[in-house]
Amino acid sequence: MEADREWMYEGRIVNGMFSNKWGDKVDEFVAFALRHPECVNGGTAIRCPCTLVKCQNKKFLNVETVKVHLYKNGFVPDYYVWIYHGEKEVHQRCSRSVRVSVSETDQMVSDNMNHTTYHRMVCDAAGPEFNPDEEPNAEARNFYDMIRAGDKPVYEGNSKHTQLSAAVRMLEIKCRHKCSQAWFDDMSNFIQELLPPDNLMPLDFYSTKKLVRGLGLPVQVIHCCVNNCMIYWGDDSDLNSCKKCGHARYKQTVRGSGNRLYIRKLKVPYKKMHYFPITPRLQRLYASTATANEMRWHSEHHMEDCKMCHPSDAPAWKHFDGCFPDFSSEVRNVRLGLFADGFQPFGQSGQQYSLWPVVVTPYNLPPDLCMKEEFMFLTVLVPGPTNPKGKIDVFLQPLIAELKSLWGVGVQTYDISKRQNFQMRAALMWTINDFPAYSMMSGWSTAGMLACPHCMEDSDAFRLIKSGKQSWFDNHRKFLPINHPYRRNTKDFIKNRKVTKQFPGVRSGDEILQDLNNKGLRKVMDVDAEVVNAAISKTCGWNKRSIFWDLPYWREHLLRHNLDVMHIEKNVFDNIFNTVFNIPGKTKDTYKSRDELNKYCRRPQFAQNLVTSKYPDVPFVLNKSQKKDVLEWVKKLRFPDGYASNLGRCVDANKLKMFGMKSHDCHVFMQRLLPIGLREFLPNRIWEPLTEISLFFKQLTSSSLTDEELRNLDEQIPVILCNLEKIFPPSFFDSMEHLPVHLAYEARIAGPVHYRWMYPPERYLRKIKHKIMNKAQVEGSISIGYIMDEAAKFASFYFKEGDPTLPLKEKRNEVYLDDIVDDDMFEIFKPPGKAIGAEGKRYLADNEYTAAHLYILMNCPEVQPFIDVFITEKRKQFPNLNDEVVNVVTEQEFPSWFEKYVHNRMACGRGRGSTLPGRTSFGTGSQASGMPDPGRGSGVDEGPQQTEDVVNVLQQHHQQTSPHHGPGIVMNDRGTWEGEEGEDADVGETSPEHPTDESLPIAQFDPTIDNP
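Residues numbered from 1 in each chain as written. Predicted model: local features only at pLDDT ≥ 70, side-chain atom pairs only at ≥ 80, totals over all residues. Heavy atoms only, no water.

Student: Account for the packing of aromatic side chains, with residues named and values stated.
Tutor: Per the counting criterion, the structure on display carries 45 aromatic pairs. A ring pair is formed by Tyr9 and Tyr80, whose centres lie 5.4 Å apart and whose planes are at 65°; its orientation type is edge-to-face. In this pair, Tyr9 is assigned in the segment before strand 1 (13-14) and Tyr80 in the loop between helix 2 (63-73) and strand 5 (90-91), connecting sequence segments 71 residues apart. Considering the side-chain rings of Tyr486 and Phe493, the 5.7 Å spacing of their centres and the 65° angle between planes classify their relative orientation as edge-to-face. Its relative accessible area of 15% is what places Tyr486 among the buried residues. Owing to a relative accessible area of 0%, Phe493 belongs among the buried residues under this scheme. Each member of the aromatic cluster is reached from another via a ring pair, and the members are Trp7, Trp22, Phe29, Phe32, Tyr71, Phe75 and Trp82. Positioned above the aromatic ring of Trp82, the side-chain terminus of Arg5 is 3.7 Å from the ring centre. Lying over the aromatic face of Trp407, Arg425 brings its terminal NZ or CZ to 4.8 Å of the ring centre. (Phe/Tyr/Trp six-rings, centres within 6.5 Å; stacked < 30°, edge-to-face > 60°. Helix = DSSP H or I, 4+ residues; strand = E, 2+ residues; numbered from the N terminus. Buried < 20%, exposed > 50% of the residue type's maximum accessible area, 1.4 Å probe, protein only. Lys NZ or Arg CZ within 6 Å of the ring centre and 35° of its normal.)

Spelled out as structure tokens, the structure:
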């Protein structure tokens, strides 16, 4: 394609007739457009670029009609860049070829073509059936109003904004910053004072909302029974009273007494729910160019190194594809996750009110977009003030009916990225809830001795004699290998008990459904459900038949409801911390626990002293001074900005405890601080199991996981829990301490944890809570705010800033590398951050200075070539050094070697140009380079005697920390450790029976966090 596009506006008519040469160029243009199917609609229609107002790259016409329009009207002005016909390389009139970003191109075309970007936004929102040239009907009137608003500049002479673009930008700013309507009105009035009198800027929030109402998506208001028995929907929509309890649907029409009687003009229901249909919201993901391509990411990416980084990599997803190949053959079909949770909209001190949003999110998106707030869709708003509990299925009926329709029939959807219609279907993969809501969704009771939904009736939980609570103590040996010694241990667990049975495994969907049918459980919508289910639930763990079994594919899922790692981890941490710190009222080591301890276990050393009537101290509880040391250490901790909250605020130095810790605070403390903080104060036999459970959660919550890693975790977690059972009393082990045994299995089946835990939903609930502007109408206030937020977010896809899911402002204390103009600065001194607070000065201690010096040298890319030279020379002197010895020698000798090396090189380079680390010399000659030459000697005393001393020290340390090898361990001439008989033994080799300090998991923690 020729770069010079002047022919588009020259030579169309020659001597009063159409030019054949110009016609050939038009044919080339049409052929070029047809070669890009993403810009072709229906196979033969392209956007017409003629000068007619109704065309101008807005309307699709067949190619012959486009040619006629071009012959008759010519090209739209300044259309040198054929971006609407598939061109990626941008040509300018001067025949120079340059590349510009899509956002810059859109803005350029928008400025020159009556803001077609916002026209495209309106057309995308209206759908492919919308034709701006037809006479509008009542439903399409909103879109025609927006089209006209998109053609009018906000005031005469303004080329950047139209009436429509200004309105959607103001609306997006309001939603992003959570501003009130009063703020919006005041700001609109202030802007009116700044603009010319004849401007078209919306006057207030009402006029703005009226202008962009076409961008909003539908919401249905459905009346409910005040007792949550039913909703007036479907076949029951015409009823005037509840068919189960008989309560009236509407409030009284006549109120007052005597002469003050009045009649309501409208029927007001006692209760109503809001339902937001999911179908148009999923269709909108394919209507915008910002998201349409991303919805196919799950099928286009490939696993790297067998690591699961997305649910599409997991066996559950692949199993579903194998069961339903007709569904998986269309990669644009949507996989959904559902979560529900309740919150108190008025705070802890306000009116008791429980509001339950139900939200769905698509899993087709890539990891950086999946589970983000922008792609979480509120579908059901279960009204308060009471908790729906098991009756939540009543409010899920519209959603389940829509999901069944999306599965069986689907809906015709326009994919703007491929310029074609397709039949979109959708499937619900699983639900995500905390443990109480798990029961509400699944129908399996999560209270009592059958609380575990994986073990079900195979649970070995029992009720404690003194406290009367359920205990899952000694409930994990059945998960061990059949020949594990713990199975035969009759001392450390329940006394005189050996375990021979094995865990039978998780039941399949067909087995569960058959069990439900055999027991005759009812759905809560059935008239006799309450009586029948109450009788059956006394003999099993089921309390209802979940509405999710109505989905035809639900039985085929390998995992239907997720255990929430967030709340499980928090509860495990709370039990450990409160017990180790002996927090009154929260510790599990109570008087009742001591009384019943020896009824189940053989631990007489902890029994009550009959003479003094006191209980002896236990080794897993810290004394007063130890608690002070740990809390003082926590109070002084400083984390990277945004990594964690200020835990120092949670320290109560008087009561020696921590308070007000959120779930993420517990997450950080459990995985990063707990092993370090307790390392100096607890015996190894107690500290090691606590560290192992900490590392278990740390590895489990990794962003990418392999099947082998998860299988190892699945094998390790029963041993870890058994080791904890050897330490803590039976009262310590409630259902939350048992559930970790199933978490590795779920991760192996469904993929990484961060797609299936409650952190994103909890943050989303906070966003919903901020939309409550009218506390008298909580649900209605949330509904209006959510609809406006949807419209603003969709409009933001068309802003020139680009991806709306990224923040438009810099984060606090964030410094970008582009802002640093000093090219001579070493990379290690270009941190992505800046200091907080006032500047302070202090002298470093010798050990601090040495550590800082070593850290800078070992982490500076410019120094790495010198490290390579040092290691090369050491290996020449000691050819048989293994990697461990090399690392130790490097840390001890390299700083002094490097200083001498640089001084010698600079001294030799005087007169020829100075040589600095990692920089090219300004001198001349073949050796005038600052990079070291490994082929030449360094000219520095390498210190062979010092290296031998290091080897001897390592040998002595190895003998001390590896007693199972015996005293005859020496380094052989191959640079490896060898016993007296000649067998090789690696330096880092350890034995499970005799672990060394180096083999402990503490080495995996951040060394920059000080130990108390």
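Student: So what's going on with the environment of Pro689? Which residues, and what values?
Tutor: Within the fold, Pro689 resides in helix 22 (residues 684-700). Relative accessible area serves as the criterion here: at 5%, Pro689 is assigned to the buried category. It is 9.2 Å that separates the C-alpha atoms of Pro689 and Cys722, two residues lying 33 residues apart in sequence. Beyond its immediate sequence surroundings of up to four residues, Pro689 is in contact with Asn684, Ile720, Asn723, Leu724 and Ile727. (Contact = heavy atoms within 4.5 Å.)

Student: Before we move on, can you summarise the packing of helix 21 (residues 663-678) against helix 22 with the specific residues and values?
Tutor: As a packed pair, helix 21 and helix 22 sit with axes 9 Å apart at the nearest point and diverge in direction by 165°. Between helix 21 and helix 22, the interaxial angle falls into the category roughly antiparallel. Seen from above, helix 21 lies across helix 22 with left-handed handedness. The segment helix 21 lies against helix 22, with Met670, Gln671, Arg672, Pro675 and Leu678 engaging Trp687, Leu690, Thr691, Ile693, Ser694, Phe697 and Lys698. Taken together, the residues of the contact of helix 21 with helix 22 sort by class into 7 nonpolar, 3 polar and 2 charged. (Axes fitted to C-alpha atoms, helices over the stretch in contact; angles between N-to-C directions. Parallel < 35°, antiparallel > 145°, perpendicular 65-115°, else oblique. Left-handed = near helix turned anticlockwise from the far one by under 90°. Nonpolar A, V, L, I, M, F, W, Y, C, P; charged D, E, K, R; others polar.)

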